[in-house]
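Coordinate inspection notes
In case you want the letters, here they are:
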Amino acid sequence: MRFLAALAATVLSLAAPSSSSAQAVAGETLVMPFVNRQTDPKLYWLGEGSAVLLSELIERYGGVAVPREERLSAFAGLQLPPAAALSHATVIKVGYFVGAADVIVGSYELVGEHLTVRARVIRLEAGRLTPEVIERGTLADLFGVYDRTARRLREGATAAPPAGMGTLLATLQGFEAYVKGVVAEVPATQRAFLEQAGKAAPADDRVRLALWRVHTDAGDHALAFESVTMASRSGPHARVARYLSALSLIDLKRYEEAFGILKALQSEAGSAEVLNAIGIVQLRRGSTPQTGRAAYYFSQASQTDPTDADYFFNLGYAYWTDKDAPAAIYWLREAVRRNPADGDAHFILAAALQQTGAPAEAARERELAQRLSSSYDNARQVNGDPVPRGLERVKEHLERPSSRVDSIITATGQRDQAELAAFHLAAGRRAFGRDADREAEQELRRALYLSPYLSDAHLLLGRIHLRTGRTPEAIQAFKIALWSEETVAGRLALAEAYLQGQNPAAAKEEVERALVIDPGSVEARALREKLTKAPKGASMLRSTLESAT
């Protein structure tokens, strides 16, 4: 009865997250780049421009838009070209990847000076495509055309945008230069277009924030700092600009100034990202009783956002640098609960376990770290420390809610945790069987929070990643599954992932390893024969591999 009560309470808490972050994410809208129906190379920039402009307008009319950075991260994770024209099925995958509720897709067409914009909303949960919205106008009225489109997509919103917000960059020339700057691939081109946009719209802080990214990526932290310090002190981007200026000061080793800015930001409004950055300042410059230890700030960050594994990693890493191995072990275990594929966390955990007299467990963790990251294949001690310096993690995007783990499960005892993990694994299997991949992934992550090395959960999670095109994540999941338990099914699944990732040699190696485990495996023998005849045929694996599991 005690287990059933705990099970019911936990399932209810998971079904209805209570945090404000979870509630904020629930209604997010992802705007995809629009398609150029004429494939006019002169208007290539308006594909991304449509997404940038509509995202802003959606927010001004009361919605919450997925930031461009998260969309690009999703494209990278799904191995999609940033400017590709995608099918609705692929668009839905991207929407699920970022945790959006709705996705906006559309196209634009210019005939002479006459612009036509078409847009639709995909409701992900309902699986419904709304009727097409069509708006027309001249190219000079581009902002008006997209404003009307946004209002109609927001189901008839008629209220004007909040006073004092204005339209993005105000002029068509400035907007075009800004978009060309953010999509350019060559840093010099990015900078040239953004500086042009800055001249056209000298009061728009978004240009300064974009230039901060260009300069930071180039390693010019002095110019990055200069870019954001020119931002408005009271505008909508003021807080972000101050935060980024503090990050530049950290890179410039001007720790006292960075500390002052971050402490002021934290006193104005609590933030896990800001607390984390303060911890990094203290970790790099050293702490005093007056300024506080790095571990204190990382602990506060992890309490503010207990879903983000990076804060727990930083906390464990800080304790390691403080030579407190038992505390490092505790917090690094919390990090791998939330992100079992974190190679750095496993490596430091191995070092801490070795130091506390657990060589067998340390060897296992070190082996997993090496499987997850080639950087640890030949790791050597530096200055007597087996762990490299500089592994702490900075958040460059301020105050974005995390969706990695949707709630924290309270400890209910080892037996109860094992049973509850099995419950969520079974739920994940059922959801996977009916192609409800997002639900299945949520259930599996709950199981892995309770039991981070549950082989079957990692194997099924890898299959979801593979089915949704997230090949690198699938490979990581299969590697952890095999580290947890060597099975033929795991080896064949990893072979499929390697084939999908265009690595037939690695796929053949995994098939041979499967035959070492079970020389009589019909599935492995059949697959070896097919690979020998058609090494590039990844699709042939589906039925064979599914029957193996």
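Above this note sits the structure.
Position numbers for residues count from 1 along each chain, tracking the sequence in the order it is written. Confidence filtering applies because this is a predicted model: local features only for residues at pLDDT of at least 70, side-chain atom pairs given and counted only at 80 or more, and all residues used for totals across whole chains, interfaces and linings. Values shown for side chains rest on all heavy atoms present in the structure; no hydrogens or waters enter the calculation.

A few words on the pairing of strand β1 (residues 28-31). Remark: a regular strand shows side chains that alternate across the two faces of the sheet. Neither face of β1 is exposed, since Glu28 and Leu30 on one face and Thr29 and Val31 on the opposite face are all buried. The pairing of β1 with strand β3 (residues 64-65) spans two bridges and is classified as parallel. When the bridges of β3 are listed, Thr29 appears paired with Ala65. Bridge analysis of β1 against strand β4 (residues 102-111) gives three bridges, and the strand direction is parallel. Within β4, the position partnered with Val31 by the bridge is Ile104. Exposure classes here rest on a 1.4 Å probe applied to the protein chains alone. A residue is buried below 20% of its type maximum, exposed above 50%, and partly exposed in between. A run of DSSP states H or I qualifies as a helix once it reaches four residues; a run of E qualifies as a strand once it reaches two. Both are numbered from the N-terminal end. Here, any two strands with at least 2 DSSP bridges between them count as paired.

Just to be clear on terms, a salt bridge is a Lys or Arg side-chain nitrogen sitting within 4 Å of an Asp or Glu carboxyl oxygen. Considering all chains together, one arrives at 47 salt bridges under this definition. Across the salt bridge formed by Arg206 and Glu56, the nearest N and O atoms sit 2.2 Å from each other. Of this pair, Arg206 sits in helix α9 (residues 205-217) while Glu56 is found in helix α3 (residues 45-60), placing the two residues 150 residues apart along the sequence. For the residue pair Arg206 and Glu56, the accessibility class agrees, reading buried in each case. As a salt-bridge pair, Glu176 and Lys180 come within 2.7 Å of each other at their nearest N and O atoms. Taken as a pair, Glu176 and Lys180 lie in helix α7 (residues 172-183) at a separation of four residues, close to a single helical turn. The network of salt bridges with shared partners includes Asp308, Asp310, Asp342, Asp344, Arg393 and Lys395.

Lines fitted to C-alpha atoms define the axes, with helix axes restricted to the stretch in contact, and inter-axis angles between N-to-C directions lie between 0 and 180 degrees. Running from N to C, helix α24 (residues 504-517) and helix α25 (residues 522-533) point in directions that differ by 155°, and their axes come no closer than 9 Å. It follows that α24 is roughly antiparallel to α25 by the angle criterion. When you trace α24 past α25, the crossing you get is left-handed. Every residue of α25 that contacts α24 at Ala507, Lys508, Val511, Glu512, Ala514 and Leu515 is listed here: Ala524, Arg525, Leu527, Arg528 and Leu531. Throughout, the ten residues Ala, Val, Leu, Ile, Met, Phe, Trp, Tyr, Cys and Pro are labelled nonpolar, Asp, Glu, Lys and Arg are labelled charged, and all others, Gly among them, are labelled polar. Among the residues forming the contact of α24 with α25, the class breakdown is seven nonpolar, no polar and four charged. In what follows, roughly perpendicular refers to angles from 65 to 115 degrees, roughly parallel to angles under 35, roughly antiparallel to angles over 145, and oblique to any angle outside these ranges. Put simply, a crossing is left-handed when the front helix is turned counterclockwise from the back one by less than a right angle, and right-handed when it is turned clockwise. Contacts are assigned to residue pairs that have any heavy atoms within 4.5 Å of one another.

Our focus in this paragraph is the layout of surface pockets. In this structure, the second largest pocket occupies an estimated 340 Å³ of space. As for the second largest pocket, its lining consists of 17 residues, of which Arg333, Arg337, Leu450, Pro452 and Tyr453 are closest to the centre. Among the elements that take part in the lining of the second largest pocket, helix α16 (residues 325-338) stands out by supplying five residues, more than any other. By residue class, the composition of the lining of the second largest pocket is eight nonpolar, three polar and six charged. Residues are called lining when one of their atoms sits within 4 Å of a cavity or pocket point, these points coming from a 1 Å grid over the protein atoms alone, where a cavity is a set in which a 1.4 Å probe fits but cannot get out and a pocket is an open set with protein on both sides within 12 Å along at least five of seven lines. Grid points are joined across faces, edges and corners, and a volume is the space filled by probe spheres set on the points.

Below, the discussion takes up the packing of helix α12 (residues 255-268) against helix α13 (residues 272-285). Packed helix pairs are specified by the crossing angle of their axes together with the interaxial distance, meaning the distance between the axes. Axis separation between α12 and α13 bottoms out at 9 Å; the angle between their running directions is 155°. By the criterion of interaxial angle, the relationship of α12 to α13 is roughly antiparallel. Remark: the crossing between α12 and α13 carries left-handed chirality. Here Tyr255, Glu256, Ala258, Phe259, Leu262, Lys263, Leu265 and Gln266 of α12 come into contact with α13, specifically with Val274, Leu275, Ala277, Ile278, Val281, Gln282, Arg284 and Arg285. Each residue belonging to the contact of α12 with α13 can be placed in one class, and the counts come to 10 nonpolar, two polar and four charged.

As a further point, take the side chain of Ser245. Position of Ser245 relative to the elements: it lies in helix α11 (residues 238-251). Taking the relative accessible area as the measure of exposure, Ser245 reaches 5% and is therefore buried. When neighbours within four sequence positions are excluded, Ser245 is seen to be in contact with Phe225, Val228, Thr229 and Ile261.

Our focus in this paragraph is the side chain of His221. Secondary-structure assignment places His221 in helix α10 (residues 221-229). Residue classification places His221 among the buried positions, given a relative accessible area of 19%. Side chain to side chain, His221 and Asp251 meet in a polar contact 3.5 Å long. Those residues in contact with His221 that lie beyond four places of it in its chain are Thr216, Ser248, Asp251 and Leu252. In protein, a polar contact requires one atom able to donate a hydrogen and another able to accept it; more generally it is a pair of N or O atoms within 3.5 Å, and residues adjacent in sequence count only if both atoms are side-chain atoms.

Stacked, edge-to-face and tilted are the three classes for Phe, Tyr and Trp ring pairs, Trp counted by its six-membered ring, which pair at centre distances within 6.5 Å; planes under 30 degrees apart are stacked, over 60 edge-to-face, the rest tilted. Counted according to the given criterion, the structure contains nine aromatic pairs. Aromatic side chains Trp45 and Phe175 sit 5.9 Å apart centroid to centroid with 80° between the ring planes, which places their arrangement in the edge-to-face category. Taken together, the residues span a long stretch of sequence, with Trp45 in helix α3 and Phe175 in helix α7 at a distance of 130 residues. By relative accessible area, which is 2% here, Trp45 ends up buried.

Now for the pairing of β4. A large share of β4 lies buried, amounting to eight of its 10 residues. Bridge count between strand β2 (residues 35-36) and β4: two bridges; the pairing is parallel. Looking across to β4, one finds that Asn36 is bridged to Tyr108. Pairing of β4 with strand β5 (residues 114-123) involves 10 bridges; the strand directions are antiparallel. Note that in β5 the partner of Ile104 across the bridge is Val121. If you look at the hairpin formed by β4 and β5, you'll find two residues sitting between the two strands, and Gly112 has a positive phi there, around 65°.

Right, let's get into helix α22 (residues 471-484). Residue count minus one, scaled by 1.5 Å, sets the expected span of a helix. Helix length check: α22 (14 residues) gives 20 Å between terminal C-alpha atoms against 20 Å at 1.5 Å per residue, within 8%. Most of α22 is tucked away, with 10 of its 14 residues classed as buried. Listed as buried for α22 are Thr471, Ala474, Ile475, Ala477, Phe478, Lys479, Ile480, Ala481, Leu482 and Trp483. Taken together, the buried residues of α22 touch α18 (359-372), α21 (455-467), α23 (488-500) and α24.

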